Structures are given as structure tokens and as C-alpha cells.
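Structural overview
So the chains spell out like this:
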Amino acid sequence: MSLGIVFALLGVVLAVGLACTGSAKGVGIAGESAAGVCSEHPEYFGKCLVLQALPGTQGIYGLLIGFMIMRAVGLLSGALVDLSVYQGLAFMAAGAIIGIGGLFSAIAQGKTAAAGISMVGVQSNESGKAILMAIMVETYAVLSLLASILITLYVL
Amino acid sequence: MAVDKVQKVTIVGMSSEFEAVSAALQRMRALHIDEIIPGEGLDKGQGGQTLSAANAATDRVSAALSFLNTYYSKKSGLLSQKPVMTPQELLSADCPENWMVVEELEALRTEMAALTLDRTKKTALCEALRPYEALRVPLADIKDTQNTRMYLGTVPQQALQTMIDDCANTDAVIEQVGGDEQAVCIYMVVSACYEKEAEAAMRTAGFAQADPGVPGVPAQEIARAEQALKENEAAQAALIERVCTYGEKLSALEKLSDACAVKYQQAALKEQSGQTEKTFMITGWVRARQAEKLREALMLRPETLFIQIEDAAAEDVPPTAFKNGRLLSNFETVTEMYSLPNAYEADPTAIMAPFFFCFFGMMMSDAGYGIVMTLVLSLFLRLMRPQGTLKKIAVVVVMGGLSSLIWGILFGGWFGVAFFPALWFEPLEDPMKMLIVSLAIGLVHITLGLVENGRRLLTKKRYVDAFCDTVFILCILWGAIGMLLGVPFCGYIALIGVIGLFLTAGRDRKGIISKFTGGFSAVYGLTSYLSDILSYSRLFGMGLTTGVIALVFNTLAEMVMTGPIGYVFGVVLLLVGHTFNVLINALGAYVHSCRLQYIEFYGKFYEGGGRAFVPYAYQTKYVQLSDTDQTV
């Protein structure tokens, strides 16, 4: 195994590890709010759950990049590509983008979703608006994802 | 465009006719009622006794229903529909037999409450007595005699020794009967002559008197209470069984609940209407095309009724009634979530819907998922017959599924596998192309938004605004694109646009300096168009997500698919994984499509802020009403 591969795998660590940490925190923050609202209004469970799920996407994006890197370096097919150190570092950079972007955007989105869930508790018909407010944050995770995808696809 | 014309309605009649008119209007489902503004000689109606009685009845039934539902769970299939009935059938549920059931349930509820209270008391008693279990004295005997004082209670653990020391000069007998790490339970006897000293010592130590409120020996009292608790439990179980026998009455009660709600709604109308001594007045709005039907239906009532239907005056704020085709009307829910068109603007749903359709499909971009979504939601619509917003969203998602099918065929995505080669190109193979396609679609969308803005300004006869706010920006936008593509002269077009915008954007402001800053800020604001267009890159990002996540699950399944057990695991993994992927991505595709409409598109021309046209109608929770005089 070359040093390049090791760097590429560190990219996977950053992408999956950081983005999933962010999602876990975000979903957790939103979940606390959701539990609070559901204790008063169990009938809003579905609406709260949708909002709670929103910060979960960053983890998925992280996994997606991690998977693309693993596939690109041949880890999944078993035939490892002979990566140079520079190529490995480039993969690591790709992983870092969604990792960092996902980490912070998921936490911010979790807070917005939590506020949205409180809003649903008072105005149950406005869950659509609450979802949209949380989606405004999601944009930046998608942009990070996009940059990561483009780098991953163009390294080799 | 697609907002229905509404007309103002005023109905005046004799107070004795109010109930009949109210019921007729409810059946019609055509009149949006505005609350009356009280004026000279015209008071706002009081619901009075009828309303409070209806309110009380509704509360009683819903309390009985929720009591029943606490213990009885209906065995309903997944695909149970609401029963369909006529208003007459529904109102017939308001009969003495059903009220008997409510009364019986209320009696049972009172019994249950008593049992629960008793249980709480007994449990608390056991808790309170538990530390004194070792005490062999009946509690009733712990009382002051002529020459002695007796105490029972707790002292903090660390203060006990001090208290014993403080009582050393008295003849106090302190017996420790129980306790835990924090507090010790003591039984104490002291001669009456030492009462003061002993009580002073107890106060310093923080002694707390105990009074369980029962006479016997603690251990026996606990046993008695525990026995009572067991009986209580049995009684509750028996009671729950009795409650459950009312399970078969559940649907009757639900009907009764809806019947009460309908009556309440009729009574509540009075609060929105105007009343004089002998007459009433209702004002509201009707769709112009239903106006004559409304008049006819009400004229079946006695001739004492006066109905006036007229066009909205300038100062009126009519509600917004959508008017779209059968398919398009479902996309209204997208516009509704943002804001309803106000009374003076056109409904943007028709120009938004094709793009929504396109975006949703691009973000799913998997033909397999498209087929699954279309099938599942069509079945849902067919079997469950949802109503209102839910139905509209379901239809929108069905359309989105079809769009996904189309894009999936173009991009070659079938559950993440390229079963069929891409008709156009594979985004993963040529990501730059996909990014450019996304941004190009965004450019078209934004251009359309600007053109629509110009069109709307033109219909308002604001010709100068239409020219300055639209043409210059379009010049800049397309000029810049042309420059990027290397088309000659485009740079000049963009420059003309910038100069034009700079000179005209501050035209509404007073003073040369503020005109200057207005123009400058408009030019500076052009950067928002860059971010608007880049925002469409989400079409690419979200689309790719679906495909790659599908690929992740396919790869995982492939890894475990060795041997028969592996195959079972693999199939389960595929099912769960793809279901998850469809759900999360359909949600994402829906809300991101909405966002692109709201921020990037509606932001260019749409004002919103209208109020919904909500016709006065039966509002039922458990049943669906048919056979109404009027259908939209």
C-alpha cells in the first residue's frame, strides 16, 4: 500500500467522520426539540420527524464522498490503484471539504430545525415553512458536496 | 391568469331564518365568510346559548372519545378509508342512543379517575410508612399524655448525634426505627417538664414531624395498603375491560363527534354575522361563476331573504381563490406554502409547475425510483383517497416520479445500476457537462422570472419600470453569458445594461446623491444573480447523491451476497437501503425544488400576501361528506 492510498483514506476519515459527527449533533439537537413538542402533541410526531431528519443529510453526503474516494482508489474492487502522494493528498482535500462543510452546516441546520420544530408545536400548519428554513442551511452542505465531487472525479 | 374572480356577497334576512340559511350555506360550500364589522344599529352576533351548548357538546364527545381511545385501540387495516355519508346521515348520529353511550363512558371515566386517585394515595401512604416499618407501636398511640411528650419523624443523619447530645440533660428516650444515608427516622419520648429543651434540640437538628394519617402499626398499615392496591389494580383491569366493550360504539361516537362539530360550526357563524333586533346580515365572497347558483339555492328559502352580489370595490381586499386545471391545481400547494397571490396579482402556479416538475426529476434522476414513487403514490391516492393538501402533495410527487423516470432514462440511472445505457450522458462520467446543464436550466428559469416581472409591470401600465427593471438586467445577464462564450459584441450589451441600470435604478429617489447611491447599490446587487445561478448547482449535487447512495447499497449488497444466507441478507439490505434512499431523496427533491422556486424565481416578480378563499363548509374529522349541493 502506497503513502498516496493512506492519504486518500485519511480523506475518507475526514469526509465520513466529520460530516457524520455534524449530522449526529444536528439530528440530536433537533431531536431534543422534537421530543419536547411530542410530549405535548404526540400527533405532530410525523412533522417533527421530517424536520429532525434534515440535518442527517450531511452524514450521507460525507459517506457519498468517502465511497467515491474508496471506489476511485480501487479499495472496493480489491485492485488498489498506484496513487502518488500528491494524488492521495488531493483526495484528502476532497474529503476535507465535505467534512468541514458538513460538520458545521449540520449543526447549524440542527439548530434551525429545532427552532422549526418548536414552531410546529405552536403552529402545526406551518411545518412546510419550517422545513424550508432548515433547507436554506442545507444549500451550503450541497455546495461543499459539489466541490468534493468535482475534485474526486478529476484527481485521476 | 389563474386566480378566480370573486364577488362580494351580502345576505340580509329575518333572524328566525338564520339557522336555515346557515345550514344551506354550509351545504353549498361556496361562500367565504368575512367577519362583520359592527356599525350603527348593527351588532356583532352573539353565539349565546346555542354556541356554548354546541361547544360543551363537542367537548363532552371528544373527552369521551379520547377516554375510549386510551384503552381501546381500533383494529383498522392500513388502508382504511373514512366512511362516506350524506350530511343528513351524519346529523342523525346526534341521537339519544349515542348520547347514552357518552354518558356511560363519562360514568366509567369518573370511576376510573376515583380508582387512579385512590391508587396514588395508597402508593404515597406506603412510601411514607416504609421507613417506620420497624416501629411496633400503633401510630394512634403516639400522642402526648399528661406527663410525656412523644415525637415521630426524621432527622438528618449528620445532625442525629448532636441532637442526642443536646438532649443529654433531659430524660429523653430516642429510638432509631429506620432511615437511609440522608435521614434517620426516630421515635422519641420525653417528660413534659423537659419539653422546651427537647424541642429546642430538635429544632437545631432539623427534626421533621411525620404524620402518616393512619392509626395502626406501620407494618400492618402497609400490608393493608398493599392489599388495597392489589384490589385497585384488579378493579382497574375490570374497568378497562368494561370500557373496551364500548369499542364497537367507536365509529358511532366518531360520527357523533363530527355531527357536534358541524352544529358548532353553524352556531359559530352567528359570531361572524351581524345582528339587529329582528334581522341578521352575513357578508362574504363567492366565486363569480358560482354566484348565480348561490343565489338560486338561497332563494329556495322564503322571499324575506335579501341577497346582493356585486364586484369588489377598490377598498375591498377580496380573498384569493385559485383556478387551475385538474392537474395544475395540485401544484397550488407549492405556491400556498410560500404565500398566496394577493388580490391584485396573477397566480404564478402555472409558470412554476413545469420547472418544479423538471427540478424534482433532475434531483431524483433515477428511473427505477421514479417508477416506484409513481406506483406507490398512485396506489395511495387510489386506495386511501386522501383529501386537501395531502392529496395535492401526493399528486405532485407522482408527477415528480414521472419526471424522475424521464431524467433517469436520459442519465441512465436504474436503482443506481446502468441497466440501460444513458440516452443522453452519464453525469458521473461527465460532471462538468452536468454542472453546465444545471446552471443553464437555472439561467432559463431566472430569465423567465425577470420576463414575468416585466409582463406584470406592463399589465399594471408601469411601462418605465418594466423597461428599466427588466431589460437592463436581462442585457447584463445574457451579455455576460455571451462574453463567457466568446460571442462578439456581448460585452457591449452587458456594458449598456450596467450603465442603464446605474442611471435608472435610483429614479424613484429624490436628490442627485441618493439617485447615485441607488444606481450604485443596484449594480452592486447584480452579484446576487451570480449566486442565484450557482444555486442551481444543487440540481447536479442532489441528482448525483441519489445515484451514488444507490450505488453504495448495491455494492454493500454485492459484498454480502455469498451463499444462501448472504443472499437473504443482501436482498433485505437492498430493500431497506433503496427505500431509505427514495424517502430521503424525495424529501430533498421536493423541498429543494420549492426553494428554487421561492428564492430564485418568485423573488424576481411575486409579491404574495393574499388570504385564502376558504368557503364556509362542513369540517369533519372522521367521516367524509358526500351529496352536497355544490361542488367546485
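Predicted, not measured: the structure shown is a model, and the values here were computed from it. (Residues numbered from 1 in each chain as written. Chains lettered and ligands numbered in written order. Predicted model: local features only at pLDDT ≥ 70, side-chain atom pairs only at ≥ 80, totals over all residues. Heavy atoms only, no water.)

For the rest of this paragraph, the subject is the interface of chain A and chain B. Across the boundary between the two partners, chain A contributes 27 residues, which contact 28 residues of chain B. Summed over both partners, the interface of chain A with chain B buries about 2,400 Å², with 84% contributed by carbon and sulfur atoms. If you look at where chain A meets chain B, you find 0 salt bridges. For the side of chain A that touches chain B, the secondary structure elements donating two or more residues are helix H3 (57-72) and helix H5 (127-155) of chain A. Counting residues per element, the side of chain A that touches chain B draws most heavily on H5 of chain A, which supplies 16 residues. When grouped by side-chain class, the residues that make up the side of chain A that touches chain B number 21 nonpolar, 3 polar and 3 charged. (Contact = heavy atoms within 4.5 Å. Buried area = accessible area lost by both parts, 1.4 Å probe. Salt bridge = Lys/Arg side-chain N within 4 Å of Asp/Glu carboxyl O. Helix = DSSP H or I, 4+ residues; strand = E, 2+ residues; numbered from the N terminus. Nonpolar A, V, L, I, M, F, W, Y, C, P; charged D, E, K, R; others polar.)

Moving on: empty space enclosed by the protein. Scanning the entire structure with this criterion turns up 1 cavity of 30 Å³ or more. Those elements giving two or more residues to the lining of the largest cavity turn out to be H3 and H5 of chain A together with helix H19 (537-560) and helix H20 (563-605) of chain B. Here the element with the most residues in the lining of the largest cavity is H20 of chain B; it accounts for 5 residues. Of the residues contributing to the lining of the largest cavity, the split by class is 8 nonpolar, 5 polar and 1 charged. (1 Å grid on protein atoms, 1.4 Å probe; cavity = no way out; pocket = protein on both sides within 12 Å on 5 of 7 lines; lining within 4 Å. Points joined across faces, edges and corners; volume = space filled by probe spheres on them.)

Turning our attention to the layout of surface pockets. Residues and elements named next belong to chain B. Taken as a whole, the second largest pocket encloses approximately 560 Å³ of empty space. Lining the second largest pocket are 19 residues, with Leu 443, Ile 481, Leu 484, Leu 530 and Ile 533 sitting closest to its centre. At the level of elements, helix H14 (431-459), helix H15 (463-485) and helix H18 (527-535) are the ones that each hand at least two residues to the lining of the second largest pocket. Per-element tally for the lining of the second largest pocket: the top contributor is H15, with 7 residues.

Quick look at the domain arrangement of chain B now. Residue and element names in this part refer to chain B. The domains assigned to chain B are domain 1 (1-45 + 273-319 + 613-632), domain 2 (52-127 + 217-258), domain 3 (137-216), domain 4 (324-412 + 537-600) and domain 5 (435-535). The C-alpha-based centres of domain 1 and domain 4 are spaced at 40 Å. Contact with domain 1, which involves 7 residues of that partner, is made by 10 residues of domain 4. Taking both sides of the interface into account, the surface hidden between domain 1 and domain 4 amounts to around 630 Å²; carbon and sulfur atoms contribute 59%. At the surface where domain 1 touches domain 4, the tally comes to 1 residue pair in polar contact (both at pLDDT 80 or more). For the side of domain 1 that touches domain 4, the residue count by class is 5 nonpolar, 1 polar and 1 charged. (Domains from an automatic or database assignment. Polar contact = N/O pair within 3.5 Å; in protein donor to acceptor, adjacent residues only side chain to side chain.)

Overall, the coordinates contain 25 salt bridges over all chains when judged by the stated rule. In this structure, the salt-bridge partner of Lys 129 of chain A is Glu 126 of chain A, at a minimum N-O distance of 3.2 Å. Given a relative accessible area of 30%, Lys 129 of chain A falls into the partly exposed group. On the basis of relative accessible area, Glu 126 of chain A is assigned to the partly exposed category, the value being 24%. Two residues, Asp 465 of chain B and Arg 462 of chain B, come together in a salt bridge whose shortest N-O distance is 2.8 Å. On the accessibility criterion, Arg 462 of chain B (39% relative accessible area) is partly exposed. Within the structure, one salt-bridge network assembled from shared partners comprises Glu 345, Glu 452, Arg 455 and Arg 456 of chain B. (Buried < 20%, exposed > 50% of the residue type's maximum accessible area, 1.4 Å probe, protein only.)

A few words on the packing of helix H2 (residues 48-71) of chain B against helix H4 (residues 96-129) of chain B. All names here are of chain B. Where H2 meets H4, the axes come as close as 9 Å, and the angle between the chain directions of the two elements is 60°. As far as their axial angle goes, H4 and H2 are oblique. Crossing hand, H2 versus H4: left-handed. Where H2 approaches H4, its residues Ala 57, Arg 60, Val 61, Ala 63, Ala 64, Phe 67, Leu 68 and Tyr 71 are matched on the opposing element by Trp 99, Val 102, Glu 103, Leu 105, Glu 106, Leu 108, Arg 109 and Met 112. Split into classes, the residues belonging to the contact of H2 with H4 amount to 12 nonpolar, no polar and 4 charged. (Axes fitted to C-alpha atoms, helices over the stretch in contact; angles between N-to-C directions. Parallel < 35°, antiparallel > 145°, perpendicular 65-115°, else oblique. Left-handed = near helix turned anticlockwise from the far one by under 90°.)

Looking now at the nonpolar core. Formed by 104 residues in total, the largest nonpolar core has its most connected members in Ile 65 of chain A together with Phe 356, Phe 359 and Tyr 590 of chain B. When residues of this core are assigned to domains, at least three map to each of domain 4 (324-412 + 537-600) and domain 5 (435-535) of chain B. Excluding residues within four positions of it along the chain, Phe 356 of chain B makes contact with Phe 331, Val 334, Val 396, Tyr 590, Ser 593, Cys 594 and Gln 597 of chain B. (Core = buried A, V, L, I, M, F, W, Y, C linked by side-chain atoms within 4.5 Å.)

The next thing to look at is the packing of aromatic side chains. All names here are of chain B. Tallied over the entire structure, the rule returns 28 aromatic pairs over all chains. Ring centres of Trp 424 and Phe 425 lie 4.9 Å apart, and the angle between their planes is 80°; on these two criteria the pair is classed as edge-to-face. Accessibility expressed as a relative area gives 9% for Phe 425, which makes it buried. Put simply, the rings of Tyr 338, Phe 355, Phe 359, Tyr 536, Tyr 598, Phe 601, Tyr 602, Phe 605 and Tyr 606 touch in pairs and so form one group of aromatic residues. (Phe/Tyr/Trp six-rings, centres within 6.5 Å; stacked < 30°, edge-to-face > 60°.)

As a further point, take the side chain of Lys 604 of chain B. Residue and element names in this part refer to chain B. With respect to the helices and strands, Lys 604 occurs in helix H20. What makes Lys 604 buried here is its relative accessible area of 13%. Side chain to side chain, Lys 604 and Asp 532 meet in a polar contact 2.7 Å long. There is a polar contact of 3.1 Å between the side chain of Lys 604 and the backbone oxygen of Glu 600.

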